[in-house]
Amino acid sequence: LFTEFYDGQGSSSKSRDFLRVGELQNRISAYLKAGAESSGDEDGQEHGLAFANMYEAYEALRSDEKGSRAKTTKEGFLHHILKFLEKQVLVDYVEEDEMIQTTKKLDSFMDWNLLNQNHYVRVKRVLGLV
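Before going into details, it helps to say that this report is about the structure given with it. As the structure is a prediction and not an experimental result, all values here were calculated from the model.

1. So, the environment of Ala-52
Item 1. Here Ala-52 lies in helix H3 (residues 51-60).
Item 2. Given a relative accessible area of 26%, Ala-52 falls into the partly exposed group.
Item 3. A C-alpha to C-alpha distance of 4.3 Å links Ala-52 and Ala-36, two positions 16 residues apart in sequence.

2. Observations regarding helix H2 (residues 21-39)
Item 1. An ideal rise of 1.5 Å per residue puts 27 Å on 19 residues; H2 measures up with 26 Å between its terminal C-alpha atoms.
Item 2. Those residues of H2 that sit buried are Val-21, Leu-24, Gln-25, Ser-29, Leu-32, Gly-35 and Ser-39. Each buried residue of H2 lies within a common arc of 140° when the element is viewed along its axis, so the set occupies one face. Away from its buried face by more than 90 degrees, H2 exposes Asn-26, Glu-37 and Ser-38.
Item 3. If you follow the buried residues of H2, they end up packed against strand S1 (19-20), H3, helix H4 (74-87), strand S2 (91-94) and strand S3 (99-102).

3. A word on the pairing of S3
Item 1. Bridge analysis of S1 against S3 gives 2 bridges, and the strand direction is antiparallel. Opposite Leu-19, over in S3, you have Ile-100 as the bridge partner.
Item 2. Where S2 folds back onto S3 in an antiparallel hairpin, the turn is made up of 4 residues, including Glu-98, whose phi is positive at roughly 50°.

4. A short note on the pattern of salt bridges
Item 1. Under the criterion given, the structure shown has 7 salt bridges.
Item 2. The partner of Arg-16 in a salt bridge is Glu-4, with the nearest N and O atoms 3.3 Å apart. Of this pair, Arg-16 sits in the loop between helix H1 (2-5) and S1 while Glu-4 sits in helix H1, and the two are 12 residues apart along the sequence.
Item 3. A residue is classified by how much of its surface remains accessible, and Arg-16, at 24% relative accessible area, is partly exposed.
Item 4. According to the relative accessible area criterion, Glu-4 is buried, its value standing at 6%.
Item 5. Among the salt bridges present, the one from Arg-27 reaches Glu-4, with a minimum N-O distance of 3.3 Å. With Arg-27 in helix H2 and Glu-4 in helix H1, this residue pair connects regions lying 23 residues apart in the sequence.
Item 6. The exposure class of Arg-27 is partly exposed, given its relative accessible area of 36%.

Parameters and conventions
- Residues numbered from 1 in each chain as written.
- Predicted model: local features only at pLDDT ≥ 70, side-chain atom pairs only at ≥ 80, totals over all residues.
- Heavy atoms only, no water.
- Helix = DSSP H or I, 4+ residues; strand = E, 2+ residues; numbered from the N terminus.
- Buried < 20%, exposed > 50% of the residue type's maximum accessible area, 1.4 Å probe, protein only.
- Expected span 1.5 Å × (residues − 1).
- Arc of directions from axis to C-beta.
- Contact = heavy atoms within 4.5 Å.
- Pairing = 2+ DSSP bridges.
- Salt bridge = Lys/Arg side-chain N within 4 Å of Asp/Glu carboxyl O.

As structure tokens, then:
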């Protein structure tokens, strides 16, 4: 979610205003797959985050075209995470439109705490973007 909304460049690190849930779902799969492919060494040992385990667990979830809210589906898994983030006033989750928007609280946190230049490189390294 962070890498889709924030790029750490310019006066504000925010790079987009909204994101569709389906797009986020596809991006999660792509990021986890890329992380799983690049996180191991020649012996198959993982370093850093356990991308292979996360990718396997995420892909084991069913996908439901009807938008099921069951935690055993990808849609339901994301729904529960987004509802949690909404309760924390970090995102606005518009279920009818399947759209996610960040709040001023999250924007400020990202700009002033997480993505200031002192932390930006460290965050990118943790996310495997460096």
